[in-house]
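One letter stands for each residue in the lines below.
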Protein chains: 2
Amino acid sequence: MTATHLSAALPPGSTIGILGSGQLGRMLAMAAARLGLKCHVYADAPGPAFDVAAATTVAPYDDHAALDRFAASIRVATYEFENIPLATVEHLARHVPVRPGAKALATAQDRLNEKTLARALGSRTADFAAIDSRADLDTAIARHGTPAILKTRRFGYDGKGQAKILSPADATAALADMRGQPAILESFITFEREISVIAVRDTAGAFAAYDVTENVHRDHILHTATVPARIDASTQHAAIATTRGIAEAVDYIGVVAVEFFAAADALYVNEMAPRVHNSGHWTIDACVTSQFENHIRAVAGWPLGSTARHSDAVTTNLIGHDHDAWADLSAEPGSAVHLYGKRDARPGRKMGHVTRLSPKS
Amino acid sequence: MTATHLSAALPPGSTIGILGSGQLGRMLAMAAARLGLKCHVYADAPGPAFDVAAATTVAPYDDHAALDRFAASIRVATYEFENIPLATVEHLARHVPVRPGAKALATAQDRLNEKTLARALGSRTADFAAIDSRADLDTAIARHGTPAILKTRRFGYDGKGQAKILSPADATAALADMRGQPAILESFITFEREISVIAVRDTAGAFAAYDVTENVHRDHILHTATVPARIDASTQHAAIATTRGIAEAVDYIGVVAVEFFAAADALYVNEMAPRVHNSGHWTIDACVTSQFENHIRAVAGWPLGSTARHSDAVTTNLIGHDHDAWADLSAEPGSAVHLYGKRDARPGRKMGHVTRLSPKS
């Protein structure tokens, strides 16, 4: 495959590789199928994406022989979760384009890199400090004060790998919770609401964003995503401009999500996800082109689809046994029910979501 | 499986069997996946549906051993084309529910049965007569006059198995075109437009219809489907009421399509399709619940989803080399491009469709 090939749009019938077999991979595969593109899903265990994939591989992410066979069967690769080992992406990238690329992934995998980039681009973030030792933690607490929150720099999601430090007395227990992993201390921010921008950037550098979404979390897991967000136009513009700056800084290709804390007079970057995002699921039902299709379009070198929405929307996650209400939810007039085909409704597990549309306000 | 099981909604994770591997099966499988349901696609050759199915079988439709294995792997069966052998459906129905059932299929497979039912329900149709011999044809021409059209009673679609009779001198050639198959002579109707109703009926007898669609054919193949149709409210109500009557008469479960000719002062039933229909593809993009999801809901014993639409829509089929324009179409702002993953763009082959939305009028 030559550079010339890489910049052209992959024709229908081409195969896209997806690393990861979860519900995001499932919805990506379905979006690809709509465009006549096939998907080969590679994961270390079967998952919901396998049900809708033209081809599947179960192998460890560091199995180079399996990765090489995977690479030989696809024209481009992407991933559905940011905790994919960077080495896996770098290995694949020797054979096929991987989008988003290693630079974007390396940034998004590490909270310290994320926040450092955001600050470098002139955005606000919570105060933060790298924590590799007890001494680092004591220094940071002394400098930034409490309350604060200690987080692992990597592999955290849905509140995992986080410990609150309400007073310096909590430092020992919080550090123990990190289990020796590199960490970051972040100051608390007083904010009015959490918002996110779902945006997409294509191989030619074109950028488009969906309308800003307002998010409510419960137990550190997204509960509802509502569009439009209750923010003014200048906040909307600032959030989208910040997202664009981040995407351009890391040569991003695909859908990116950036989460913000919106305070009365300031906007703080919280974190980025180098992938389609739970807070953008409403785009399936409220837009002509969903975040999943736009990610596939970008990854496949196609032009971006419209990010305009025709309706207002509220997406509610179905977590764990929320899923048991599937029959009632499916009987609710006008609700769009999305279930991920997971067998066990374990507590905290994302089993599906429901999006309720209303006329555009 | 007992009758009690059959009347209950199949829980997420259940497997639905689909007979037929074409684009309709593909879009049905994708709709099922959205609801957390798996699909096993059975066909006599691989096709576009195989790319998105959790399981696939390639076997002849009269292979009882393969059908029995298929039946053992699924909770309910449906089909994506009406030319499935009735014996296949009857064989499967001894093991699992098949929806729509054999009665609906037997009616829809045969133009004579279709028109006879429509007349029995008080609807208008073109004048028609069964043609099993040259004597039948001469008698029918003498009675109904020319121009008329001779059609095979079964296995006709997209204009196949049809011959015009502009004068009695055309009778010999037209009859030869039937190749000895049972046929039906239909009088020409002068009409203003072709319309269709896509409707759905569930296991409890609930019925819902989408807004009437106006269809334009080119070379006997659907070219565009537009909603709303340019018809008055009484015509819309009459078309939907007729569709409901037909569905109830054959104990229909699933999505049914009925095509009509709308004349200045009358509505004529043309034909019915016991399946999701090309003229309903706009429901994917303009409704919360598409025809595909509603068919799956009905077949799986779920309550029906809303048939309301949020937008006006025009669907244009991509036939044969129309598909070559995929790159331009995908770059058109706001177009929803659907490609079926077929390899060869043969003339007359349905390769995909594009739906263009506009605000609801």
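Residues numbered from 1 in each chain as written. Chains lettered and ligands numbered in written order. Predicted model: local features only at pLDDT ≥ 70, side-chain atom pairs only at ≥ 80, totals over all residues. Heavy atoms only, no water.

**Focus on the overall build of chain A**
Across its full length, chain A carries 12 helices and 18 strands. Compactness check: chain A gives a C-alpha radius of gyration of 20 Å against a globular reference of 21 Å for 361 residues, within 12% of the reference. Oriented by its inertia axes, the alpha-carbon framework of chain A measures out at about 60 × 50 × 40 Å. Taking all 361 residues of chain A together, the buried fraction comes to 59%. Contacts spanning at least 24 positions in sequence make up 62% of the contacts within chain A whose residues lie at least 6 apart. On chain A, roughly 13700 Å² of surface is accessible, and the fraction owed to carbon and sulfur atoms is 51%. With 35 positive and 38 negative side-chain charges, chain A shows a separation of 3 Å between the mean positions of the two kinds. (Helix = DSSP H or I, 4+ residues; strand = E, 2+ residues; numbered from the N terminus. Rg over C-alpha atoms; globule rule 2.2 N^0.38 Å. Buried < 20%, exposed > 50% of the residue type's maximum accessible area, 1.4 Å probe, protein only. Contact = heavy atoms within 4.5 Å. Areas by Shrake-Rupley, 256 points an atom, 1.4 Å probe, with all protein chains shown as cover. Lys, Arg positive; Asp, Glu negative; His and termini not counted. Charge placed at Lys NZ, Arg CZ, Asp CG, Glu CD.)

**Details of the packing of aromatic side chains**
All names here are of chain A. Counting across every chain of the model gives 12 aromatic pairs over all chains. Between Tyr42 and Phe70, the ring centres sit 5.0 Å apart and the planes meet at 50 degrees, which makes this aromatic pair tilted. Of this pair, Tyr42 sits in strand β2 (residues 38–43) while Phe70 sits in helix α3 (residues 64–72), and the two are 28 residues apart along the sequence. There is no split in this pair, since Tyr42 and Phe70 are both buried. (Phe/Tyr/Trp six-rings, centres within 6.5 Å; stacked < 30°, edge-to-face > 60°.)

**Notes on the sheet that holds strand β9 (residues 183–187) of chain B**
All names here are of chain B. In space, the 4 strands of this open sheet follow the order β6-β9-β7-β8, with antiparallel pairing throughout. Looking at strand neighbours, the two that pair on one side only are β6 (128–131) and β8 (162–165), the edges of this open sheet. In this sheet, neighbouring strand axes are inclined to one another by 25 degrees on average, regardless of whether the strands run parallel or antiparallel. (Pairing = 2+ DSSP bridges. Axes fitted to C-alpha atoms, helices over the stretch in contact; angles between N-to-C directions.)

**Let's talk about the interface of chain B and chain A**
One frequent convention defines the size of an interface as the accessible area lost when the parts assemble. Every contact between the two is made by 38 residues of chain B and, on the other side, 38 residues of chain A. When the two sides are added together, the surface that chain B and chain A hide from each other amounts to roughly 3100 Å², 59% of it contributed by carbon and sulfur. On inspection of chain B and its partner chain A, the count reaches 4 salt bridges. Between the two partners, chain B and chain A, sit 15 residue pairs in polar contact (both at pLDDT 80 or more). Counting residues per element, the ones that place at least two in the side of chain B that touches chain A are α2 (23–34), α10 (283–286), α12 (326–330) and β17 (335–339) of chain B. Ranked by residues supplied to the side of chain B that touches chain A, first place goes to β17(B) with 5 residues. (Buried area = accessible area lost by both parts, 1.4 Å probe. Salt bridge = Lys/Arg side-chain N within 4 Å of Asp/Glu carboxyl O. Polar contact = N/O pair within 3.5 Å; in protein donor to acceptor, adjacent residues only side chain to side chain.)

**A few points about empty space enclosed by the protein**
A probe as big as a water molecule, rolled over the atoms, marks out the empty space that is left. One pass over the structure, following the stated rule, counts 5 cavities of 30 Å³ or more. Taken as a whole, the largest cavity encloses approximately 670 Å³ of empty space. If you go around the largest cavity, you meet 35 residues; those closest to its centre are Met30(A), Arg34(A), Ile284(A), Arg34(B) and Ile284(B). Put simply, the parts of the chain that give the lining of the largest cavity at least two residues each are α2 (23–34), α10 (283–286), α11 (291–299) and β17 (335–339) of chain A together with α2, α10, α11 (291–299) and β17 of chain B. Among the residues making up the lining of the largest cavity, the classes are represented as 20 nonpolar, 7 polar and 8 charged. (1 Å grid on protein atoms, 1.4 Å probe; cavity = no way out; pocket = protein on both sides within 12 Å on 5 of 7 lines; lining within 4 Å. Points joined across faces, edges and corners; volume = space filled by probe spheres on them. Nonpolar A, V, L, I, M, F, W, Y, C, P; charged D, E, K, R; others polar.)

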